[in-house]
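# Residue-level structure breakdown
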Amino acid sequence: MQTDMYKDVHRKLLAIMILVPLIPFVAALGIGYNSYEASMRRAAQERAERIAGSHAALIESFLNERKTDLDVILATVGHGQLASTQRLESILSTLQRASLAFIDLGLINAQGVQLAYAGPFELTGKNYAQAHWFRETCSNGSFVSNVYMGYRHQPHFVVAVMLRQHGRKWVLRATVDQALFGDLVEGVSIGTTGEAYIVNNLGELQTARRSGGALLEKSGETVSDGRMHMMKNDDPQRFIRAVVPLNNGMWRLVVRQNEAEALQELDWAAMCIAVVSLAGGAFILVLAFTISNRLVHMLRSKEHDRVEMETHLMRAARLAELGEMSAGFAHEINNPLQIMKSEIALMEMEADEAGKGEPITGERKAAILDGLDQLGRQIDRCAAITRSILKFGRHSGPEVTTVNLSEFLPELCEMVKRKAAVSGIEFSCSIPGDTPSVSLDAGQLQQVVLNLMNNAIQAIEERHDNEGGQLKVAAHTLEDGRVRILVQDNGNGIRPENIEKIFNPFFTTKPPGKGTGLGLSICHAIIDAMGGVMEVSSEHGQGTVFTITLPAITVG
Amino acid sequence: MTTEQMTILLVDDEERLLETTKKLFEKMNIRVFTAQSGKQALGTVEKNGVDVVFLDVKMPGFDGMKTLREIKRISPLAEVIILTGHATMEDAVEGLKLGAMDFLIKPLSMKELLEKAEEAFEKVKRHNVLLKSMKKKEKS
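Since the structure is predicted, the reported quantities are computational estimates derived from the model, not experimental observations. (Residues numbered from 1 in each chain as written. Chains lettered and ligands numbered in written order. Predicted model: local features only at pLDDT ≥ 70, side-chain atom pairs only at ≥ 80, totals over all residues. Heavy atoms only, no water.)

## Describing the overall build of chain A
Per the secondary structure count, chain A includes 12 helices and 17 strands. Residues classed as buried in chain A amount to 41% of the 556 residues present. Relative to all contacts within chain A whose residues are 6 or more apart in sequence, the contacts with residues 24 or more apart total 63%. Here chain A displays about 29300 Å² of accessible surface, and carbon together with sulfur accounts for 57% of that area. (Helix = DSSP H or I, 4+ residues; strand = E, 2+ residues; numbered from the N terminus. Buried < 20%, exposed > 50% of the residue type's maximum accessible area, 1.4 Å probe, protein only. Contact = heavy atoms within 4.5 Å. Areas by Shrake-Rupley, 256 points an atom, 1.4 Å probe, with all protein chains shown as cover.)

## Points about the pairing of strand β5 (residues 168-176) of chain A
Residues and elements named next belong to chain A. Taken across its nine residues, β5 has seven buried, putting it largely inside the fold. In terms of strand pairing, strand β1 (residues 102-109) meets β5 through seven bridges, oriented antiparallel. Its bridge partner lying in β5, D104 is registered against T175. In the sheet, strand β4 (residues 157-165) pairs with β5 via nine bridges, with the strands oriented antiparallel. For A160, the partnering residue across the bridge sits in β5 and is R173. Connecting the antiparallel pair β4 and β5 is a turn made up of two residues, with H166 showing a positive phi of about 50°. (Pairing = 2+ DSSP bridges.)

## Notes on the nonpolar core
Residues and elements named next belong to chain A. Counting residues in each nonpolar core, the largest one holds 60 residues, and the members touching the most others are L70, L105, W133, F157, F181, W251 and L253. Every residue in contact with L105, bar those within four places of it in the chain, is listed here: L70, L88, I91, L92, L95, A116, Y117, A118, L172, R173 and A174. Listed in part, the 56 residues of the second largest apolar core include L445, A475, V487 and I526. (Core = buried A, V, L, I, M, F, W, Y, C linked by side-chain atoms within 4.5 Å.)

## Brief notes about helix α4 (residues 89-97) of chain B
For an α-helix, 3.6 residues make a turn, and residues three or four places apart therefore share a direction. Residues and elements named next belong to chain B. Regarding α4, the residues found buried are D91, A92 and G95. Angularly, the buried residues of α4 cover 100° about the axis, an arc narrow enough to put them on a single face. Facing away from the buried side of α4, by more than 90 degrees, are the exposed residues M89 and K97. Once α4 ends, the next one or two residues include G99, with phi positive near 105°. (Arc of directions from axis to C-beta.)

## Let's talk about the packing of helix α9 (residues 405-422) of chain A against helix α10 (residues 442-464) of chain A
Residues and elements named next belong to chain A. It is the contact of α9 with α10, at a shortest axis distance of 11 Å, that shows an interaxial angle of 35°. Our pair here, α9 against α10, has a crossing hand that is right-handed. When α9 is examined against α10, the residues L405, F408, L409, L412, C413, M415, V416, K419 and A420 are found in contact with a partner set consisting of A442, L445, Q446, V449, L450, M453, N454 and I457. For the contact of α9 with α10, a count of residues per class yields 14 nonpolar, two polar and one charged. (Axes fitted to C-alpha atoms, helices over the stretch in contact; angles between N-to-C directions. Left-handed = near helix turned anticlockwise from the far one by under 90°. Nonpolar A, V, L, I, M, F, W, Y, C, P; charged D, E, K, R; others polar.)

## Digging into the sheet that holds strand β3 (residues 52-55) of chain B
Residues and elements named next belong to chain B. Read across the open sheet, the five strands follow the order β2-β1-β3-β4-β5; overall the sheet is parallel. Two strands lie at the open edges of the sheet, namely β2 (31-35) and β5 (102-105), each paired on one side alone. Within this sheet the neighbouring strands show an average axis-to-axis angle of 20°, counted without direction. Where strand β4 (residues 79-84) lies against β5, four bridges are found, and the strand directions are parallel. The residue of β5 that forms the bridge with I82 is F103. Set on the sheet, helix α5 (residues 110-139) makes contact with β1 (7-11), β3, β4 and β5; between it and β4 the angle comes to about 160°.

Okay, here's the thing in structure tokens:
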């Protein structure tokens, strides 16, 4: 039972010693890692957004410049001259000197017919009335188209502006070299996986994408309601992504970087954390194991010391009790011895009187036989006394056995009967034959009951001197099956102010040197350990009743 | 030597002890009374007058010390020898203070008892002689 208690204590101690430092330790590492990750992510995101913003501005200004070029031409040259292919070609070559962006140039009338064209293809006379870019230009005044293949089967896009003059509309259209435009975007790089590309509202790539995706391919992203959506299935890798709208919302510039690369430093941090966690955790475990082991070991040895001390005290109390009893024993042994001496003397005298060689017969023989018989009786008396002394001294270690109270208590009474008698005490011992058995150490119970009886005799002697004392030992079974033992005297009782203290160790009302004050406290401890209750009620000058209530062995 | 017969009173709560010891003393031509309690002893002392008393201390009812005090009051010249199975220093000191001649611990042999009794009787006789001479002086 004792070791189990310590195992439990050990388990709890260990759990506390591991959990208490481990929880804040792990929490600190976790929170640290999370906030570090968040700030890394924010930094990467901010970098991507900054790059996206500046590039978007660059691209917007490139497109605006191209529109402005056309605006200026339309406004200054006039549609009449532009209708001439030669003039148009000279303007194109002027433009190409400034920027290589333009591939060709064409003037289109309100009906969508290309009146004049300068460039590498033969497109004069083509009708663009149904072309999307043409209609958009007519309604908005200017337009930059998506990249498309068109008549020439090469990816390109057009920039067109419209001029309204004398109630007629003219559209000047130029094709922009996609390769050159693409360089503007594709040149962006962040780390090894960082890239920039443009998608249109349909999710088609407007520039090539380094990580895979040719021009006009679906990028895996769509734009609707002005917002960009990812297609989850096409996006197995996670990206840090910045998106900026371009070209009146028709395009999106996407700058993205592989998250794994952007957060590369996190791996290092995670590894550090793992190492620290393992080392710290191991340290905590080792510390918890050593300290809890040591503590439990200390507790155990303290408990061992306490038990040893208690055993010593009990042995001391038993010796004190034995000393108390020995006075009575001496009296009881010396009396029969005196009788034996007298008997022997008488028998010798009878034998002497008979004379030498004369047979001993008749009255003399009867007297000698009577003397021998008396010797036998007195020897038996002494033997009974020594037996009871031995019985008392014999119990060394506590040993729990079944004790039959209906036999045990009368035996105890027998031990004090004579002592009570010489003190002139009327002693009654009423133990019913059906008193149940108890399971406990007989020696300890004997010590307790004897102590109570001896105390009672002392209290009676103090009050009554040699007459009128009454000591009653009784036992009865309670309704709940427990058994109660009463030791009742009509001695001088206990003062009310002392009654609370009598079970305290070292409390005594005896003069110094007369009592240790341990008797009753040890009795109380013994009965407690047996799972019983020891109580006292007393009236000063009237007498005292001690009751011991013990759990009985249930019969049946 | 002894012209007068010695009278002894044995006080003890052991009946057999009284009986056997009485027989022994009587064989030595000594008058013996016995008492099983203090009260009985006092009655005998008052009625018969005794020279030597062997007195037990632990007795039910009326204990030895009380008996000793009373005997000394009734018959101051009687010598009392305390004979007990269990001696405490307190009892011994108190007994001697109250005028007991000796304090003996059981068991004692018959020879020792007899010696003590005779010693006590000698004392009683001396005291009696002294008393008589004092009375004579008073008369003359």
